[in-house]
Amino acid sequence: MANDIVKRGPLPAVTFSREFLIELWDNLSQDGEIAWLVKVGTSGDLLGMQEDRPEQNITDWEELLELLESLPRIYSLHIVAEIPDKGVVGIIYKNFNPCGGVLTISTDDKAWGEAKFDSLKEFFADQKENFLTKLYSRMGFGVVQTLIPLSLSFVIVMLAAALLIPAWIRQSELLWWITAGTLVATLRLAYYFSDKMIIYVMKKYPYMRWLS
């Protein structure tokens, strides 16, 4: 088996379907018969804190389709395809934080590896969900994970401090203690809102989903 990683790069958000998988298999098998294994994550926490996640190893086509069609949410999808005398293709999608997709080509044939990488990148680009890909970019998800929670927390804490702490206390030598307290409260509240925002967005807009 080949062991030189020639190419590795991100994959966009996509919607999987029976037709999508057939086209993907056609691409992978262009150079002959393939030996394949698919690992499907069936549950887990959306925040990505859980280390051991339930998943099923599948090598039967119909079993794969039945499982993907039956799951309310696909938490991860890992496709490994070995092309004899060529190399190994790895396709990984994560539907928990941090969401994303990765394509890896492992081969001793550099020319083949680069050609297969470009072919698969083009294939996934044609199926790309533009909004979701932008949403889960570093900048897009930074808004969800950091900017919105911090802004909301700041407004809530400042309003609470203005309403609950008398003006004469805010203007006294206790100002520094109040400032430190509001800063800590803002960060803690932002952390809480961040988790809620992440879960809400990932439930409503999964990076990868199955279209029956």
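Residues numbered from 1 in each chain as written. Predicted model: local features only at pLDDT ≥ 70, side-chain atom pairs only at ≥ 80, totals over all residues. Heavy atoms only, no water.

### Structural notes on helix H3 (residues 110–126)
Condition: Numbering of helices and strands starts at the N terminus; helices are DSSP runs of H or I of at least 4 residues and strands are runs of E of at least 2. Take the number of residues in a helix, subtract one, and multiply by 1.5 Å to get its expected span. Only protein chains enter the accessibility calculation, which uses a 1.4 Å probe; a residue whose area is less than 20% of its type maximum is buried, one above 50% is exposed, and one in between is partly exposed. What the arc measures is the spread of directions leading from the helix axis to the C-beta atoms. Any two residues having at least one pair of non-hydrogen atoms within 4.5 Å are treated as being in contact.
For H3, with 17 residues, the first-to-last C-alpha span of 24 Å sits near the 24 Å given by 1.5 Å per residue. Listed in full, the buried residues belonging to H3 are Trp112, Gly113, Lys116, Phe117, Leu120, Phe123 and Phe124. When H3 is viewed along its axis, its buried side chains cluster within an angular range of 130° and face the same direction. Turned more than 90 degrees away from the buried face of H3, the exposed residues are Lys110, Ala111, Glu122 and Asp126. Tucked into the core, H3 has its buried residues touching strand S1 (5–11), strand S2 (14–16), helix H1 (18–28), strand S5 (76–83), strand S6 (87–94) and strand S7 (100–107).

### So, the side chain of Lys116
One can find Lys116 in helix H3. The residues contacting Lys116, other than those within four sequence positions of it, are Asn27, Leu28, Gln30, Asp31, Val89 and Ile105.

### Re the layout of surface pockets
Threshold: A cavity, in this analysis, means grid points on a 1 Å lattice covering only the protein atoms where a 1.4 Å probe fits yet has no way out; a pocket is instead an open set bounded by protein on both sides within 12 Å along at least five of seven lines, and a residue lines either one if it has an atom within 4 Å of a point. Grid points are joined across faces, edges and corners, and a volume is the space filled by probe spheres set on the points. Basically, the charged four are Asp, Glu, Lys and Arg, the nonpolar ten are Ala, Val, Leu, Ile, Met, Phe, Trp, Tyr, Cys and Pro, and anything else, Gly included, counts as polar.
Its volume calculated, the largest pocket comes out at about 220 Å³. In this structure, the largest pocket is lined by 15 residues; those nearest its centre are Pro10, Leu11, Gly100, Gly101 and Val102. Going through the elements one at a time, S1, S6 and S7 are the ones with two or more residues in the lining of the largest pocket. Counting residues per element, the lining of the largest pocket draws most heavily on S7, which supplies four residues. Residue classes in the lining of the largest pocket are distributed as nine nonpolar, four polar and two charged. When its volume is computed, the second largest pocket comes out at roughly 180 Å³. Considering the residues around the second largest pocket, the lining is formed by Leu47, Met49, Asn97, Gln145, Thr146, Pro149, Leu150, Ala190, Tyr191, Ser194, Asp195 and Ile198. Examining the composition of the lining of the second largest pocket, we find that five residues originate from one element, helix H7 (residues 175–204), more than from any other.

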